[in-house]
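Fold and contact review
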Amino acid sequence: MTLKRTSHSCFNSESRPKSGRINLPVAPNCNIQCNYCNRKFDCLNENRPEVISKVLSPQQALYHLEKAMTLSQNIAVVGITGPGDPFANPDETMETLRLVRKKYPEMALCISTNGLDLLPYIDELARLQVSHVTITINAIDPKIGAEIYSWVRYNKKMYRDVVAAKLLINKQLESLTKLKEAGVTAKVNSTIIPGINDIHVITVASKVAELGADILQCFPFYNTKEIVFENLTEPSAEMVQEIQDVTSKFIPQMKHYVLSNADETMRLKLAKSSALPAKTVEYRPYIAVSSMEGIMINQHLGEAERFLIYGMNDTGKCILVSARKAPQAGGGEQRWKELAETLKDCQTVLVSGVGNSPKKVLNSHGIKVFVLEGVIKEIVGGIFSGQDLQELIKRSQIHTGSSQCSGTGKKCG
Ligand code: SF4
C-alpha cells in the first residue's frame, strides 16, 4: 500500500508533477533550539525559509486536507513538518496521522523531525504505514553539536552544551536504527553551516549511511537574521556542491527542494480551515449574523426574524450565502433548539445582544455566540481569515457588548 521511494514527491523530483504533497501544520512547539532557527517562522529543517503557517487542530487539518483534495487531485503524500517539531506535539501529530489514515487508506504519510522524541512512536508509525521519516542530523560529534544547539528539553528537563548535544545525537541515531528495523524509509537532512559543521557533514553522511539511512539532503544554512548565527555567512553554491559530491560516495543525495503548501489557493484554504472550531467533527463552514439592514451587526438575537449566513468562496472572499428564517417568538427553550437546528452548519453567530437561555442552548449545540457591533464583511472576513476576534474588534473600534443581553430580554422568550 505504501508508496515506493521513487514515487514520493519529496524523494524523487521526477514524480513531483504526478504526486503532490501537502503539509499539515499541527505541531506548534519545539523541544530543542537550533542556533539557525528564528521561531517567528516554520521549522527550517523541512520548510521553506520565512514561511509562517497557521496552526491547525487535527480535525481542522483533516478538513483542510479534504478541501485541498477537491482542489488538487494529485495529492498523494501528506506530511507533518511543524511549524515546530511533530514529536514535541505527539498527541496532535499522532491523532492527525490516525485521522488521515482512516479517511485515506492509500495516502502516503511522512514526517520530518529533529528526532529527539521520535523513538517511542516508531512502532505506531510503522503500524499506521507512515512510509517516510526525515530526521535532521547536523552533527554526530557532541562538541560540534554543542555549537549548533542552544538547548534541548527532554522529559521536562533542560539540557545545555555538550550534554544536550550528546543526548540529541544519541536519540537521533537510535531512532534511525529503529526506523530501518521497522521498514520505514529514512531520509536525513543536514544543514551545512560554514565554519561550524561544513566538513563534519561528510562524517555525518558516512555514519547515517552505515546505520541504513536511504537518502541524504544537504541544505545550505539560511540566515533569517535575529538568530544566534546571524553573523555567519551562508555557504556558497560551490561549497554545497562539493559537499554533496563527497557525501554522495556514501549515500544517495536529494538535491531538489519541495515547496509544500506554496500555492496561494491552498494558503487561503489553510486560513479557512484554521478559522473552524478546533474540536468540531462536523462540517461548519458558515457564520450567521443578526442584522437589521444587512450591513452592520446590530440586532439582538431574540429580535431577529432572519439570520444572514456568510461563507468564504474559493478565492478567499467573504460572501452572503443565504438568509434563513428565525423560529417564531415564544415557545421557550424549544425555540432555541429550533434555531440551533436552523444554524447547524454555522460555527458562530454574531449578534448585538443575547439572553442567557439562547446562548446556553446554542453553545450546547456547538455554536459560539459573540456579542458585538460592527461592519459585517469586515468582522466575518476577519474571522474566516483566522484573525483574532478581540484584535478585530479593537481595530474596528466597534462597541463590544458583554456576553449578557443588553436589551429588554422580552424577545428572548
Ligand atoms: S528543530 Fe530547530 S529549526 Fe526546527 S523549529 Fe526546532 S529549533 Fe527551529
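About the thresholds
- Residues numbered from 1 in each chain as written.
- Predicted model: local features only at pLDDT ≥ 70, side-chain atom pairs only at ≥ 80, totals over all residues.
- Heavy atoms only, no water.
- Near = heavy atom within 4 Å.
- Nonpolar A, V, L, I, M, F, W, Y, C, P; charged D, E, K, R; others polar.
- Buried < 20%, exposed > 50% of the residue type's maximum accessible area, 1.4 Å probe, protein only.
- Helix = DSSP H or I, 4+ residues; strand = E, 2+ residues; numbered from the N terminus.
- Pairing = 2+ DSSP bridges.
- Contact = heavy atoms within 4.5 Å.

Taken together, Cys30, Ile32, Gln33, Cys34, Tyr36, Cys37, Arg39, Cys43, Leu44, Asn45 and Asn114 make up the full set of residues adjacent to the ligand. For the shell around the ligand, the per-class residue count stands at seven nonpolar, three polar and one charged.

Counting buried residues in strand E14 (residues 346–351) gives six out of six residues, a clear majority hidden from the surface. Pairing between strand E10 (residues 286–289) and E14: four bridges, direction parallel. Bridge pairing in E14 links Ile287 to Thr348. Of the strand pairs in this sheet, E14 and strand E15 (residues 368–371) are connected by four bridges, and their pairing is parallel.

A few words now on the environment of Trp151. If you trace the backbone, Trp151 turns up in strand E6 (residues 149–154). We classify Trp151 as buried; its relative accessible area is 16%. Residues Trp151 and Val163, twelve residues apart in the sequence, show an inter-C-alpha distance of 9.4 Å. Residue contacts for Trp151: discarding those within four places in its chain leaves Cys30, Asn31, Ile32, Gln33, Arg39, Met158, Tyr159 and Arg160.

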